[in-house]
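Secondary and tertiary structure notes
Residues per chain, in single letters:
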Amino acid sequence: MAVRDGVIAWLGSDAVGRDQFPGATVVDLDGAFVAPGFVDSHIHLTATGLLLTGLDLGAATSREHCLALIAEHAASHPDPLVWGHGWDESRWPDSAAPSAAELDALLGDRPAYLTRVDLHSALASSGLRRRVPELAAASGFSEHGPLSGDAHHLIRAAARDLLTSTQRAAARAAALAAAAAAGIVAVHECAGPDIGGLDDWRELRAEQSGVEVIGYWGEAVTSPARARELIAETGAHGLAGDLFIDGALGSRTAWLCEPYADAPECVGNCYLEPEAITAHVRACTQAGVTAGFHVIGDAAVSAAVAAFERVVEELGVAAVARCGHRLEHVEMVTAEQAARLGAWGVVASIQPNFDARWGGADGMYAQRLGIDRGRSLNPVALLASQGVPLAFGSDAPVTDLNPWLGVRAAVCHQTPDSAVSPRAAFAAATRGGWRAAGVHDGLTGTLVPGAPASYAVWEVGELDVAAPNTAVQRWSTDPRSRVPALPRLSHTDAMPHCRQTVRRGAVIYG
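Numbering of residues starts from 1 in every chain and runs along the sequence as written. With pLDDT at 70 or above as the cut-off, local features in this predicted model cover only qualifying residues; side-chain atom pairs require 80 or more to be listed or tallied, and sums for whole chains, interfaces and linings still use all residues. Side-chain measures were taken over the full set of non-hydrogen atoms in the model, leaving aside hydrogen atoms and water.

Observations concerning the nonpolar core
In plain terms, the rule: The criterion is simple. A nonpolar core is a set of buried Ala, Val, Leu, Ile, Met, Phe, Trp, Tyr and Cys residues joined through side-chain atoms within 4.5 Å. Only protein chains enter the accessibility calculation, which uses a 1.4 Å probe; a residue whose area is less than 20% of its type maximum is buried, one above 50% is exposed, and one in between is partly exposed. What counts as a helix is a DSSP run of H or I of at least four residues, what counts as a strand is a run of E of at least two, and both are numbered from the N terminus. In this entry, domain limits derive from an automatic or database-based domain assignment. It only takes one pair of heavy atoms within 4.5 Å for two residues to be counted as in contact.
In terms of nonpolar packing, the biggest core is built from 78 residues, with Ile245, Phe293, Val295, Leu327, Phe392 and Trp404 touching the most fellow members. Take this core: its biggest share by element is 10 residues, from helix α11 (residues 298–315). Both domains that furnish three or more residues to this core are identified here as domain 1 (2–36 + 453–509) and domain 3 (178–437). With residues near it in sequence (within four places) discarded, Ile245 still touches Trp255, Asn269, Cys270, Tyr271, Leu272, Ile277, Phe293, His294, Val295, Ala300 and Ala304. Listed in part, the 18 residues of the second largest apolar core include Leu119, Ala248, Ala254 and Val398.

This is how it looks when you write it as C-alpha cells:
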C-alpha cells in the first residue's frame, strides 16, 4: 500500500510497488496486517477518562468489596471529590448496592459520586447530596440507595461542578490516547446538558487530538429555527445521541411495555413524552439536521418509531432519510419496527458488547426481564436483515473501548440467531461509523486508492504450528467487500494487538 499526502495512492504486489515508487520510505510489517481504522459510534470521553485515571469499581465482587475499593481509593487520593464508576450489584451475592450511610461511614463529609456500570443511576454520599437542596423532591430520589432519573441528573451536575478543568483535561487526554491505542481513528461523542454539560463539550471541541471527534448534542427542540440555532451554538454534528427517551435495564429505568420480571411494579422511566419526540424529529427534519434518541426498552423504541412514522407521513420518506437520523442502543426491537427503520434510513448505533456482558440465560437481562424476553435483546442480525444501517460503538465507559470485543460479540452473540458474519460486524465497526456520521463517499473507512489513509496495523497471536495458515481466516473472498482478512474471533483466541494507528496519513499511536 502506498500513501501520499494522507491518501491511499496505490495497492498491489510488493515487487510492482517498489518499481512504481522508487523513492518511497518502505515499512515492512513483518507479518502484521493492516485494516481500516475503527470508528466508535457512541462514547463519553470525559467519563471514560475519569475511569481510566480514577476509581474503577468494575472488579467489585460484592457490596463489601465495593466499599473496600472505595475506601482504598479515597485514602490514597486526596482530591475533594471521590468519583468512581462501574459497580454492578446484579453480579453480587445479595444484589444490594451500598447505602449512603455506608459511604458516609467511610468518607465522612467528603463528596462522592459513584455511577453504576450503565451510567443511569449512582451512589452519592451525604457530602454531595447536601449540595443539591432540591434533590429530595426530584423523581428517582432515594434517601439511602442509588439515585436515578432527575435525581441522578441533579447529583451528576453537582459532581461535575467539583471537577477542575485540569482534571477534565487529563481525563479527555487519557480517553483519546486509549482510543488511538485501540486502533480507533474517530469517535462519536454523545454529549448533552444532562451528561457532561456545555463547558465539558466546548473544552472537548477545543482538544487537538489525532482521533477525530464527531459530536452529537442531546437536547430536544420544537422548531427548525431552534434546531439550527442549537447546532450553531454547540457546533454539534446533530441533535442526537443521548437524548434520553428512557434509561437502562440494569438500573430498571429502561421504559418497558410490560413490567420487569424482578420488579413487577416497575415499567421503567419515560423521560421524553411522545409529543416531544415527534416535535423533535419534525423540527430537525425540517431544518435538515440529524435527530436521534437513546432508546433501550420496547416502549421507548415504540415511541421513537411512532414519531418517525408520523413525520414520514407529514414530510415524506425522502425528507426523513436524507437527514441520517439515528437511534442509540435499540436493544428491544421487533421485525416490523426494524423494517420501518430500514425503509426510512434511520441508523442503529448499537453496542454488541452489551450482549456479551449481560446476555445469556443467567445474565442481567434474564434477571430483569426473564429468559424469553432477555434472549431477544440486541438483535443485530434482525436489524441488518431489514436494511437498517449499523454502526458499532462501546458506550465507554459502560463497556471496554477495544473494538475487536464488539466485533466478536456480534459474531458470537449469545442468542445465535442474532449473530452476524465477521465481515458484516467489521464493516459496522469501521465504515458503518462514517456512514452514520453522514460520510457517503464510498471510500472512507475502506482501504482502496483514493480513500483517506486511516488505518491500524495489528499483530495476531502465535501461529498454530500444526496449522500455520490459520491465524488469519479470509471470511470473504469477494474483493468487492473491501474487508481485509480478519483474525479468528472465538472466545479462545487472543484479540489482535495494535502496533500503530494512522489517521489521514499521520501516525496517532505507535
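Picking up after the structure, the text goes on.
Examining the sheet that holds strand β15 (residues 390–392)
How we decide: Two strands form a pair only when DSSP identifies at least two bridges running between them. Simply put, an axis is a line fit to the C-alpha atoms, just over the touching stretch for a helix, and the angle between two N-to-C directions goes from 0 to 180 degrees.
Reading across the sheet, the four strands line up as β12-β13-β14-β15 and stay open at both edges, with parallel pairing between neighbours. Two strands bound the open sheet, and with one partner strand each, they are β12 (292–295) and β15. Neighbouring strand axes in the sheet, compared pairwise and without regard to direction, differ in orientation by 20 degrees on average. Strand direction decides the pairing type here: strand β13 (residues 326–329) and strand β14 (residues 347–350), joined by three bridges, are parallel. Among the inter-strand pairings, Arg326 is bridged to a residue of β14, identified as Val347.

Looking at the domain arrangement of the protein chain
Rules: The term buried area means the drop in 1.4 Å probe accessible area that two parts suffer when joined, counted for both and summed.
On domain assignment, one finds that the protein chain holds domain 1 (2–36 + 453–509), domain 2 (45–161) and domain 3 (178–437). On a C-alpha basis, the centres of domain 1 and domain 3 stand 31 Å from each other. Listed by partner, the interface residues are 28 residues for domain 1 and 21 residues for domain 3. Each partner contributes to the roughly 2,000 Å² buried at the junction of domain 1 and domain 3, and carbon and sulfur atoms together form 71% of this total. The largest per-residue losses of area from domain 1 upon contact with domain 3 belong to Leu489, Met495 and Arg503, which jointly make up 27% of the total buried on that side.

A short note on the layout of surface pockets
Quick reminder of the rule: Cavities and pockets are defined on a 1 Å grid built over the protein atoms alone: a cavity is a set of grid points where a 1.4 Å probe fits but cannot escape, while a pocket is an open set with protein on both sides within 12 Å along at least five of seven lines, and lining residues are those with an atom within 4 Å of any such point. Grid points are joined across faces, edges and corners, and a volume is the space filled by probe spheres set on the points. Amino acids outside the nonpolar list (Ala, Val, Leu, Ile, Met, Phe, Trp, Tyr, Cys, Pro) and the charged list (Asp, Glu, Lys, Arg) are all regarded as polar, and Gly is one of them.
Here the largest pocket is characterised by a volume of approximately 1,300 Å³. Around the largest pocket, the lining is made up of 38 residues, and of these Met1, Ala2, Val27, Leu29 and Val34 lie nearest the centre. Contributions of two or more residues to the lining of the largest pocket are made by β1 (2–4), β2 (7–10), α1 (14–20), β3 (33–36), β16 (455–459) and β19 (497–503). Residue composition of the lining of the largest pocket, by class: 23 nonpolar, seven polar and eight charged. Size it by volume and the second largest pocket reaches roughly 350 Å³. Around the second largest pocket, the lining is made up of 24 residues, and of these Arg160, Ile195, Gly196, Gly197 and Asp200 lie nearest the centre. For the lining of the second largest pocket, the elements supplying multiple residues, two or more each, are α2 (45–53), β6 (82–87), β7 (112–116), α6 (149–161), β10 (184–191) and α8 (197–205). With five residues, the single largest contributor to the lining of the second largest pocket is α8. Looking at the lining of the second largest pocket, its residues break down into 11 nonpolar, six polar and seven charged.

So, α8
At 3.6 residues per turn, the α-helix brings residues three or four places apart onto the same side. Selection criterion: The directions from the helix axis to the C-beta atoms are what the arc is built from.
Within α8, burial applies to Gly197, Asp200, Trp201 and Leu204. Buried residues of α8, viewed axially, fall in a sector of 100 degrees; they line one side.

Considerations on the pattern of salt bridges
Threshold: Here, a salt bridge means any Lys or Arg side-chain nitrogen found within 4 Å of an Asp or Glu carboxyl oxygen.
Evaluated as defined, the whole model comprises 25 salt bridges. In this structure, Arg172 and Glu203 form a salt bridge, with 3.0 Å as the shortest nitrogen-oxygen distance. Residue Arg172 is located in helix α7 (residues 165–181), and its partner Glu203 is located in helix α8; the two are separated by 31 residues in the primary sequence. The closest approach of N and O atoms between Asp493 and Arg488, which form a salt bridge, is 3.5 Å. On the accessibility criterion, Arg488 (27% relative accessible area) is partly exposed.

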